[in-house]
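# Chains, contacts and geometry: an overview
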Amino acid sequence: MLRQLCKDSPADLALLEVDEIRQTLIANIDLMAGKSHNAARAFAREYTAFQENWSDRIAATRDIPVQIYLAEEDPTLDLDAIPQLEDAYPWMSFNVVQNAGLVFPA
């Protein structure tokens, strides 16, 4: 399952080769979706939160420098849209990180 999830990410696949990281990922999956635990409700809450209109919250960041880091390998991102984002949000800096995997924690 982990290899299927990471299929388009050489960085993530490389992590699976490190035994300690692979064991940690497997333990986390068991914690989230094992027989005694289920994170479906938390996932659903997180997903629905991202469906809200965040325009007012984004505009509220206008007076602070915002750094956005995007993983080049993340298939959920349209990196070709960065110029439009830069035009819409000129106070934000959009940075594409190579070899960061599908999820870039920053």
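None of these values were measured; they are calculated from a predicted model.

Here we take up the pairing of strand β2 (residues 92-97). With six bridges connecting them, strand β1 (residues 66-71) and β2 associate as parallel partners. Within β2, the position partnered with Val66 by the bridge is Met92. Tracing the backbone out of β1, into helix α6 (residues 82-88) and back to the parallel element β2 gives a crossover that is right-handed.

Evaluation of the coordinates by the stated rule reveals one aromatic pair. An angle of 90° between the planes, with centres 5.7 Å apart, marks the rings of Tyr89 and Trp91 as edge-to-face. A cation over a ring is seen here: Arg57 above Trp54, with NZ or CZ 4.7 Å from the ring centre.

What follows concerns the nonpolar core. Side chains that are nonpolar tend, in soluble globular proteins, to be buried together. In terms of nonpolar packing, the biggest core is built from six residues, these being Val66, Leu70, Ile82, Trp91, Met92 and Phe94. Elements with a contribution of two residues or more to this core: β1 and β2. Setting aside chain neighbours within four positions, we find Trp91 in contact with Ile58, Ala59, Thr61, Arg62, Ile64, Pro65 and Val66.

Per the counting criterion, the structure on display carries one salt bridge. When the shortest N-O distance is used, the salt bridge between Arg22 and Asp19 registers 2.8 Å. Placement of the pair is Arg22 and Asp19 together in helix α3 (residues 19-33), with a separation of three residues, close to one helical turn.

On to unusual backbone geometry, then. Even without a glycine there, the phi angle at Asn99 is positive, about 55°. Looking at where Asn99 falls in the secondary structure, it is placed in the segment after β2.

Within the secondary structure, Thr61 is located in the loop between α5 (55-59) and β1. The exposure class assigned to Thr61 is buried, which follows from its relative accessible area of 19%. Sequence-wise, Thr61 and Trp91 are 30 residues apart; in three dimensions their C-alpha atoms are separated by 8.4 Å. A distance of 2.9 Å separates the side chain of Thr61 from the side chain of Trp91, its partner in a polar contact.

What counts as what
Residues numbered from 1 in each chain as written. Predicted model: local features only at pLDDT ≥ 70, side-chain atom pairs only at ≥ 80, totals over all residues. Heavy atoms only, no water. Pairing = 2+ DSSP bridges. Helix = DSSP H or I, 4+ residues; strand = E, 2+ residues; numbered from the N terminus. Right-handed = clockwise from strand over helix to strand, strands pointing away. Phe/Tyr/Trp six-rings, centres within 6.5 Å; stacked < 30°, edge-to-face > 60°. Lys NZ or Arg CZ within 6 Å of the ring centre and 35° of its normal. Core = buried A, V, L, I, M, F, W, Y, C linked by side-chain atoms within 4.5 Å. Buried < 20%, exposed > 50% of the residue type's maximum accessible area, 1.4 Å probe, protein only. Contact = heavy atoms within 4.5 Å. Salt bridge = Lys/Arg side-chain N within 4 Å of Asp/Glu carboxyl O. Polar contact = N/O pair within 3.5 Å; in protein donor to acceptor, adjacent residues only side chain to side chain.

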